[in-house]
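Here's the letter readout for the chains.
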Amino acid sequence: MKDIQTACAELARHPESYVAKLAAAIAEADRARELEPQDVITVKDARISTSLAEIKVLKANNRLLRAQLSKLQDMQFGQKSEKLPGNRKTGGKAAPANSASCFQAGMADGNAEIAQTEDVKPKPRGMLGRQAIEFPSHLPKDIRIVEPSDGAVCNCGCGMRLLGEQVIKRLTYKPAEIRVIEEHYPKYVCHVCDRFKQAPVPKRAFDQTCFDDRLIAGLAVSKFADFLPNFRQEQIFMRSGVKLHRSTMSRLMDQAVDALLPLYDVMNRDLKASSKLFMDETVLAQLAPGSGKTKTCYVWALCRDDRRWKGNAPPGVVFHFKQSRKGQHAEDILTGFNGALQVDGYAGYNRLRREQRNGGPLALAYCWAHVRRKFLDVHKATKSGQAMEVIELINAMYEIERRLKSQPASARCAARQLGTAPLMDKLAQLLQKISGRVSVKSTLGQAVTYTLKLWTGLSMFLSDGRIEIDSNAVENTIRPIALLRKNALFAGSEVGGRNWAVMASLIGTCKLNGVEPYAYLTWVFEQMAIGHPRSQYEKLLPWNCPRGRYSIEG
């Protein structure tokens, strides 16, 4: 009796509601059995009930394990797109009729002057190599005039007049050249007045080295923009007969980052002066000397991208290398920031909402892409129709967001109140309905619980046009970190992680602003060499680079 009651108590705490009810029924039947005379039929019925409960437990565990296995297989071998198979051409699931009519009504209303864009058309596929090739005007041209072998003389002996010409353009490639700069400084002396003259040696950003500033900039761009780790760059130099060891490259990068740290700090302060930012973190391994192993560290990304709502501030990203994922790091990084912060559902950010925070609590907006991803995993694993209903409503919200791209914040806010708010009300009702029917420990129940827990932050974008529906902007800036991490495997030390963060910040901001990274770094080193005052380093930020998008050296 005691063993059966203990087992039933354990089953009652099982996530599957049917198992919990069955356990209660078994316990009640077992108590009733104790009051009745024992017979063979009663004992067999009890054993059958117990076996049924055990079968249900095994089936429930099997479903959870299968869902986990399906998710892992999809992460390893499946498609990365979160769009449903039948809707990839149109960029997602079309909005339901009620949401579309609500949105159209808002467009007709005079409360918001929004220019509705045309329906999203599928992107044209490639022309199998037949598309027109454009030759940018900034590229240098080698003009060659090919005359006939016998000259402009006819067979009859008289001269020929120029009728026209055929012009053939071809795009060619010249491998990178490694050159040696040998500067000669003649020394002059006057024997009459005993005077000595020599041209002064021009200042460079890095004087105490035999490597030119442009080489150091090239090493940084190759690693942090083209994702070539030092050992691969070493092999490239070896093909030209230059022995440039990877340890030397690391030393040069230390010097470059030491010079760029004040500029990095200025950019960090500039971003934290904004009214709205994104934040996210990603893993970066660091070598643990002497152990032959690596330890898990993190790169925290702080991003500003106001282009979708026509903000005035230029986009930028700053990375911070930290030894752990503790929420204290996020609080330290955001010291001095008092605006809206858009993040994922990581619990470490919750400390930013405390009243005791220096500067007051932050308003946290959460990401709908993470929510949709959870329900999409459930649908892939279990083919759940309820998960599919949630995905369709979220895709309808994204459809409205696509129409609001590059609209002012006030217009976005008004359109969301008219079109997106009714969809979210419907979604909230659906989630409450699902939560009452499924176990909180099932995959669908966990997705529902995650969404309802973050509902306040997920709803912030309805009342603030500056806030996006998701945090994809910062996740896109983290992708280069992941690519280089895959190639370089780990940072050699904490200083190496710092170098990684600083260079990735400057080069990542160059990419966001359409500035060629090599042109920017060489320009910054030139300004440092001529003594640009540190009090005016804000003029050296990437969006102020005068060389623009392309840089071609003669």
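For the structure itself, look to the data block above.
Overview of the structure.

Analysis parameters
Residues numbered from 1 in each chain as written. Predicted model: local features only at pLDDT ≥ 70, side-chain atom pairs only at ≥ 80, totals over all residues. Heavy atoms only, no water. Helix = DSSP H or I, 4+ residues; strand = E, 2+ residues; numbered from the N terminus. Expected span 1.5 Å × (residues − 1). Buried < 20%, exposed > 50% of the residue type's maximum accessible area, 1.4 Å probe, protein only. Pairing = 2+ DSSP bridges. Polar contact = N/O pair within 3.5 Å; in protein donor to acceptor, adjacent residues only side chain to side chain. Phe/Tyr/Trp six-rings, centres within 6.5 Å; stacked < 30°, edge-to-face > 60°. Core = buried A, V, L, I, M, F, W, Y, C linked by side-chain atoms within 4.5 Å. Contact = heavy atoms within 4.5 Å. Patch = residues over 30% accessible without salt bridge, like charges linked within 9 Å, V, L, I, M, F, W, Y side chains within 5 Å. Areas by Shrake-Rupley, 256 points an atom, 1.4 Å probe, with all protein chains shown as cover. Salt bridge = Lys/Arg side-chain N within 4 Å of Asp/Glu carboxyl O. Bend = angle between axes of the 7 residues up to and from the residue. Axes fitted to C-alpha atoms, helices over the stretch in contact; angles between N-to-C directions. Parallel < 35°, antiparallel > 145°, perpendicular 65-115°, else oblique. Nonpolar A, V, L, I, M, F, W, Y, C, P; charged D, E, K, R; others polar.

What about helix α9 (residues 368-382)?
Given 3.6 residues per turn, any residue in an α-helix points the same way as the ones three and four places further on.
Move 1: For α9, which comprises 15 residues, the first-to-last C-alpha distance of 21 Å matches the rise-based estimate of 21 Å (1.5 Å per residue) to within 8%.
Move 2: For α9, the set of buried residues is W368, A369, H370, V371, R372, F375, L376, V378 and H379.
Move 3: Of the residues trailing α9, K383 is marked for its positive phi of about 60 degrees.

Focus: the pairing of strand β5 (residues 316-322)
Move 1: A large share of β5 lies buried, amounting to six of its seven residues.
Move 2: Pairing geometry for strand β4 (residues 293-304) and β5, over seven bridges, is antiparallel. Bridging from a neighbouring strand, W300 pairs with H320 of β5.

Considering the environment of R307
Move 1: Topologically, R307 is positioned in the loop between β4 and β5.
Move 2: Only 3.2 Å separates the side chain of R307 from the backbone oxygen of L512, close enough to count as a polar contact.

Topic: the packing of aromatic side chains
Move 1: A complete count under the given rule lists five aromatic pairs for this structure.
Move 2: On the numbers, 6.1 Å between centres and 85 degrees between planes, the contact of W300 with Y349 is edge-to-face. Linking W300 in strand β4 with Y349 in the loop between β6 (340-342) and β7 (363-365), this pair joins segments that are 49 residues apart in sequence. An identical accessibility class is assigned to W300 and Y349; each is buried.
Move 3: Here the aromatic rings of Y520 and W523 are separated by 6.1 Å at their centres, their planes lie at 45 degrees, and the arrangement is tilted. Here the residue Y520 and the residue W523 both occupy positions in helix α17 (residues 517-529), the gap between them amounting to three residues, near one helical turn. Neither Y520 nor W523 differs from the other in exposure class; each is buried.

Quick notes on the nonpolar core
Move 1: Counting 115 residues, the largest nonpolar core has L260, M279, L341, W368, F375 and Y520 as its most contacted members.
Move 2: If near-sequence neighbours (up to four positions away) are discounted, Y520 is found in contact with L263, L506, C510, V515, L540, L541, P542 and C545.

Topic: a nonpolar patch on the surface
Move 1: Judged by side-chain polarity, I48, L52 and I55 come together as a nonpolar surface patch covering roughly 270 Å² of accessible area.
Move 2: The residue I48 is located in helix α3 (residues 40-77) in this model.

A closer look at helix α11 (residues 409-435)
Move 1: Compared with an ideal rise of 1.5 Å per residue, which puts 27 residues at 39 Å, α11 spans 34 Å between its outermost C-alpha atoms and falls more than 12% short.
Move 2: In α11, a bend of some 45 degrees at Q417 exceeds every other bend along the element.

Some details on the side chain of E234
Move 1: Residue position: E234 is located in helix α6 (residues 230-238).
Move 2: In contact with E234, other than residues within four places in its own chain, are L244, H245, R246 and M249.

Looking at the pairing of β4
Move 1: In terms of strand pairing, strand β3 (residues 276-288) meets β4 through eleven bridges, oriented antiparallel. Each residue of the ladder has a partner; that of D280, found in β4, is A301.
Move 2: Between the antiparallel neighbours β3 and β4 lie four residues, among them G290 with a positive phi of about 90 degrees.

Side note on the environment of E399
Move 1: Secondary-structure assignment places E399 in helix α10 (residues 385-403).
Move 2: What makes E399 buried here is its relative accessible area of 12%.
Move 3: Distance from E399 to T420, taken between C-alpha atoms, is 9.7 Å for residues 21 residues apart in sequence.

Let's talk about the sheet that holds β6
Move 1: Across the sheet, five strands lie side by side as β5-β4-β3-β6-β7; this open sheet has mixed pairing. Of all strands in the sheet, those bounded by a partner on one side alone are β5 and β7. Between one strand axis and the next, the sheet turns through 30 degrees on average, direction left out of account.
Move 2: Running over the sheet, helix α15 (residues 472-488) touches β3, β4 and β5 and is turned about 15 degrees from β3.
Move 3: Of the strands in this sheet, β3 and β5 touch helix α16 (residues 494-512), which is tilted by about 170 degrees from β5.

Brief notes about the packing of helix α5 (residues 213-224) against α16
Move 1: Taken N-terminus to C-terminus, the directions of α5 and α16 make an angle of 85 degrees; their axes are 10 Å apart at the nearest point. Our classification of the angle between α5 and α16 gives roughly perpendicular. Residues A220, V221 and F224 of α5 pack against N499, W500, M503, A504, I507 and K511 of α16.
Move 2: Across the contact of α5 with α16, the residue classes tally to seven nonpolar, one polar and one charged.

Quick look at the pattern of salt bridges
As a working rule, side chains carrying opposite charge can pair if their charged atoms are close by.
Move 1: All chains considered together, the criterion is met by 15 salt bridges.
Move 2: With its nearest N and O atoms 2.7 Å apart, the salt bridge here joins R351 to E331. With R351 in the loop between β6 and β7 and E331 in helix α8 (residues 327-333), this residue pair connects regions lying 20 residues apart in the sequence.
Move 3: Residues joined by salt bridges that share partners form a network here, namely K174, E177 and R179.

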